[in-house]
Amino acid sequence: MATVKIILWKSYQKKDGTYALAIRITQNRKPKYVFTGKYIQEKDWDDEGGKVRKSHPNSRRLNNFLKKKISEADDIALEAETTKKNNTSKALQKKVKGKTGNVSFFQFGMERVKSKYEAGTYSVAKSEYSILHNVREFLNHNKSKDKQSVIDDIMQRRKERIGQSRKAGYNFLEELRIQFAKDKSLYFEDIDEPFLKRFKIFCAGYLGQKTRTITNQLIFIRTMYNAGIKEFVVDAKHYPFAGEKEKIKVGRGHKVGLTKEEVSSIEDLKLEPKTTIWHTRNIWLFAFYFAGIRISDVLEMKWSDFKDDRLLYVMNKNEKPVSLKIPDKAQEIIECYRADRQKRDDYIFPYLKKADARSKRDLFVKTRNASTLLNKYLKRIASLCGIEKNLSNHIARHSFGNIAGDAINPLMLQKLYRHSDLKTTINYQANFIHKDADDALDAVVNF
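Just so you know, these numbers come straight off a predicted model, no measurement behind them. (Residues numbered from 1 in each chain as written. Predicted model: local features only at pLDDT ≥ 70, side-chain atom pairs only at ≥ 80, totals over all residues. Heavy atoms only, no water.)

Draft legend 1. Here's a closer look at the overall build of the chain. Summing up its helical and strand segments, the chain has 17 helices and eight strands in all. On the chain, roughly 25700 Å² of surface is accessible, and the fraction owed to carbon and sulfur atoms is 50%. (Helix = DSSP H or I, 4+ residues; strand = E, 2+ residues; numbered from the N terminus. Areas by Shrake-Rupley, 256 points an atom, 1.4 Å probe, with all protein chains shown as cover.)

Next comes the structure, spelled out in structure tokens:
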């Protein structure tokens, strides 16, 4: 008969110094392990007695939990022995996992989204929250129902979810818990190659997603799987992205930037001062003048970020310090707002002036709302200037790269772009260097 025992898994230690408690199932001298999801310090574990020591603050509760799990595992092993069913250690491990309620994909994802939200990375948390809903829609969609009806139902649920999030008193973390804390409809072991292939087809056919968006969904699932393996939630042998299995390829789309002439037309545009479209033009040009600083960073610029004719600030995305000379054109924009300055820590641009600087959540919401508004007015600016390209906040960075071309040394561009790796800069700038390819084409065609 198989032997079952609770052990402290010492092969991996978490950052807080704890180890996982696991059920070891041994059959024919072959051990398999089922992890309980509980972690304790080594000093709090009685290996001989197979229980948690009283030195642990929750020893009684934990020991009761472990007794229940060991009893369930013993019952399964006894049943397999009595009925002569398949009782290899591997088969028993699978049965015990199901019986003990291993952490599901959605429950694990909920904890990840929660940690992102609590860390203040709200945009990431909300994006990953949406992916969890997309995976659930895939699991639950009725294949026998008319496709358009299914799509309409999905869109309606999404609309209601977004509407709910905008109501006063909405609590994101509470809604996250309600949606996924008890959802055990999907386990990591269920996510294999066929699952991923069907999911990709669903994303394209029912969610209307493009290749890059689908890739982002797969990257999230892969990240979750890697974390699940590290946390002993799933065995590495189930990993569906290894070797010749599902491969995630990140395609490179076209990055289109404005030309010098198009930027000049924006600079020369006559606009009424202090209007929304005037602020929009100033903020976009300000980002362009500093090599395509992200609009969110521009909106959070304070007077205290400028010292000795230099811009000194820390990027939100990667917390890198930046020190750049203030170009004359950027200085002209700054001077347009100097009369509104009241104190050194005031924001230069007006959109965050009413934000609670102590609340990351409030800053995120007001920055997001401002970015949406700016994108709307950039479309008007493009129309007034006769620019047919999709003028947006992010195109300021592409425009700088397009005009820089191959005229600036890649090492200098790396510094201006704040890239950690020169390879990233070279790959990015390759989107805007066309001269060699154009010359080669002319050499063949213009004979």
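Now that the structure has been shown, we can carry on.
Draft legend 2. Layout of helix H13 (residues 360-385). The end-to-end C-alpha distance of H13 is 36 Å, a good match for the 38 Å that 26 residues give at a rise of 1.5 Å each. One or two steps after H13, the chain reaches glycine 386, where phi turns positive at roughly 70°. (Expected span 1.5 Å × (residues − 1).)

Draft legend 3. Broad picture of the packing of aromatic side chains. Enumeration according to the criterion identifies 26 aromatic pairs in this entry. A centroid spacing of 5.5 Å and a plane angle of 55° characterise the contact between phenylalanine 138 and phenylalanine 202, whose relative ring orientation is tilted. Placement of the pair is phenylalanine 138 in helix H4 (residues 122-140) and phenylalanine 202 in helix H7 (residues 193-205), with a sequence separation of 64 residues. Each member of the pair, phenylalanine 138 together with phenylalanine 202, is buried. With centroids separated by 5.5 Å and ring planes inclined at 35°, the aromatic side chains of tryptophan 278 and tyrosine 337 adopt a geometry described as tilted. A residue pair is termed long-range when its members are at least 10 positions apart, and tryptophan 278 in helix H10 (residues 276-289) and tyrosine 337 in the loop between helix H12 (328-335) and H13 qualify at 59 residues. Each member of the pair, tryptophan 278 as well as tyrosine 337, is classed as buried. Just above the ring of phenylalanine 65 sits the side chain of lysine 38; from NZ or CZ to the centre is 4.9 Å. Lying across the ring of tyrosine 377, arginine 380 places its NZ or CZ 4.4 Å from the centre. (Phe/Tyr/Trp six-rings, centres within 6.5 Å; stacked < 30°, edge-to-face > 60°. Buried < 20%, exposed > 50% of the residue type's maximum accessible area, 1.4 Å probe, protein only. Lys NZ or Arg CZ within 6 Å of the ring centre and 35° of its normal.)

Draft legend 4. Focus on the nonpolar core. Ranked by size, the top nonpolar core spans 51 residues in total, and within it Ile266, Trp284, Phe286 and Leu391 carry the most contacts. No other element matches the nine residues that H10 contributes to this core. Excluding anything up to four places from it in sequence, phenylalanine 286 contacts Val298, Met301, Phe306, Ala330, Ile333, Ile334 and Phe349. Ranked by size, the runner-up nonpolar core spans 42 residues in total, among them Ile131, Phe195, Ile214 and Tyr239. (Core = buried A, V, L, I, M, F, W, Y, C linked by side-chain atoms within 4.5 Å. Contact = heavy atoms within 4.5 Å.)

Draft legend 5. Focus on the pairing of strand E8 (residues 321-325). The alternating pattern of E8 places Val322 and Leu324 on a buried face, while none of Pro321, Ser323 and Lys325, on the opposite face, is buried. Relative to E8, strand E7 (residues 310-314) runs antiparallel, the two sharing five bridges. Within E8, the position partnered with tyrosine 313 by the bridge is valine 322. (Pairing = 2+ DSSP bridges.)

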